[in-house]
Amino acid sequence: MRSQIYRSVSKSAKALLSVSEGRAVAAAATTLRGKVPSLGSVHLRGDSRNAFGGWVSGALALPAAVYMLQEQEVHAAELERTFIAIKPDGVQRGLIAEIVSRFERKGFKLVAIKLVVPSKEFAQKHYHDLKERPFFNGLCDFLSSGPVLAMVWEGEGVIKYGRKLIGATDPQKSEPGTIRGDLAVVVGRNIIHGSDGPETAKDEISLWFKPDELVDYASNAEKWVYGVN
């Protein structure tokens, strides 16, 4: 995943910066040893002040660069993925663009997508945790009744907020502004599914997608969404 790439790159970069910082400080110490008693007693003028100021700013910039890389590494580690599916009713009603745009406008990143017609056996695997419920058979019949748009979205807090964006299971209990609150009327036709937790997301993603169907890429919008400098 991209977080692993970030960690690898930042680790290498920090090692290089650490070496550079150490050399700069060591070189400065060697040059100044015996010549400058203390910074408090140094009085610099003209070019000397500029040269010394450049060295100080360079030395300070290195730790700052390391700090920025550490911040980026933490941010990358916080990104998570969730499984989102537009059910047959949402596909048939032509709501794909509307639903996808809501996740995009929020700032989440699409990393996998495909249109499939799942078999009833596959639907039973998807709803395996509900197999003891009386409505289990009807759920599986419906999910396998037509095309489903399966997706994986990535972002900070995407699992929890994705559920908020979708709304309550019962559309009539969903807040206006949510997908179900705006676009659905009854529970049996609530148009969309979203993972309800990290473990569920992991299981559902692996059920619907092969590893090579998930795309790792950097989005140009991320610096504007997360503010990573």
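Right, let's walk through the structure included here. (Residues numbered from 1 in each chain as written. Predicted model: local features only at pLDDT ≥ 70, side-chain atom pairs only at ≥ 80, totals over all residues. Heavy atoms only, no water.)

### A closer look at the overall build of the protein chain
Secondary structure summary: the protein chain contains ten helices and four strands in total. Relative to its full complement of 229 residues, the protein chain shows a buried share of 34%. In the protein chain, of all internal contacts separated by at least 6 residues, the share reaching a separation of at least 24 is 79%. Here the protein chain has roughly 13,700 Å² of accessible surface; of this, 56% comes from carbon and sulfur atoms. (Helix = DSSP H or I, 4+ residues; strand = E, 2+ residues; numbered from the N terminus. Buried < 20%, exposed > 50% of the residue type's maximum accessible area, 1.4 Å probe, protein only. Contact = heavy atoms within 4.5 Å. Areas by Shrake-Rupley, 256 points an atom, 1.4 Å probe, with all protein chains shown as cover.)

### Points about the pairing of strand β1 (residues 79-86)
Of all eight residues making up β1, seven are buried, and the element is well covered by its neighbours. Across eight bridges, β1 lies against strand β3 (residues 148-156) in antiparallel orientation. Following the sheet pairing, Glu80 is matched in β3 by Gly155. In this sheet, strand β4 (residues 192-194) lies alongside β1 in antiparallel orientation, the contact comprising three bridges. In the sheet register, Ile84 faces β4, and the bridge partner there is Gly194. (Pairing = 2+ DSSP bridges.)

### Notes on the layout of surface pockets
Approximately 700 Å³ is the volume found for the largest pocket. When residues of the lining of the largest pocket are traced back to their parent elements, those giving at least two are α5 (120-126), α6 (136-143), β4 and α9 (198-208). No other element matches the four residues that α9 contributes to the lining of the largest pocket. (1 Å grid on protein atoms, 1.4 Å probe; cavity = no way out; pocket = protein on both sides within 12 Å on 5 of 7 lines; lining within 4 Å. Points joined across faces, edges and corners; volume = space filled by probe spheres on them.)

### Let's talk about the packing of aromatic side chains
Two measures describe an aromatic ring pair: the distance that separates the ring centres and the angle between the ring planes. For the structure shown, the criterion picks out five aromatic pairs. Note on Phe108 and Tyr161: the rings are 6.4 Å apart at their centroids and 55 degrees apart in plane angle, and the pair reads as tilted. Of this pair, Phe108 sits in the loop between α4 (96-106) and β2 (109-116) while Tyr161 is found in helix α7 (residues 158-166), placing the two residues 53 residues apart along the sequence. The class of Tyr161 is partly exposed, set by a relative accessible area of 31%. Feature note: the residues Phe103, Phe108, Trp153 and Tyr161 constitute an aromatic cluster, connected by ring pairs. When the ring centre of Phe209 is taken as origin, the NZ or CZ atom of Lys114, which lies over that ring, is 4.8 Å away. (Phe/Tyr/Trp six-rings, centres within 6.5 Å; stacked < 30°, edge-to-face > 60°. Lys NZ or Arg CZ within 6 Å of the ring centre and 35° of its normal.)

### Some remarks on the side chain of Arg180
With respect to the secondary-structure elements, Arg180 resides in helix α8 (residues 179-183). No salt bridge is formed by the buried Arg180, whose closest oppositely charged neighbour, Asp89, lies at an N-O distance of 8.3 Å. Separated by 3.3 Å, the side chain of Arg180 and the backbone oxygen of Ala168 make a polar contact. Only 2.5 Å separates the side chain of Arg180 from the backbone oxygen of Ile192, close enough to count as a polar contact. Not counting residues within four places of it along the chain, the set of residues in contact with Arg180 comprises Lys87, Ile166, Gly167, Ala168, Thr169, Pro171, Ser174, Asn190, Ile192 and His193. (Lys, Arg positive; Asp, Glu negative; His and termini not counted. Salt bridge = Lys/Arg side-chain N within 4 Å of Asp/Glu carboxyl O. Polar contact = N/O pair within 3.5 Å; in protein donor to acceptor, adjacent residues only side chain to side chain.)

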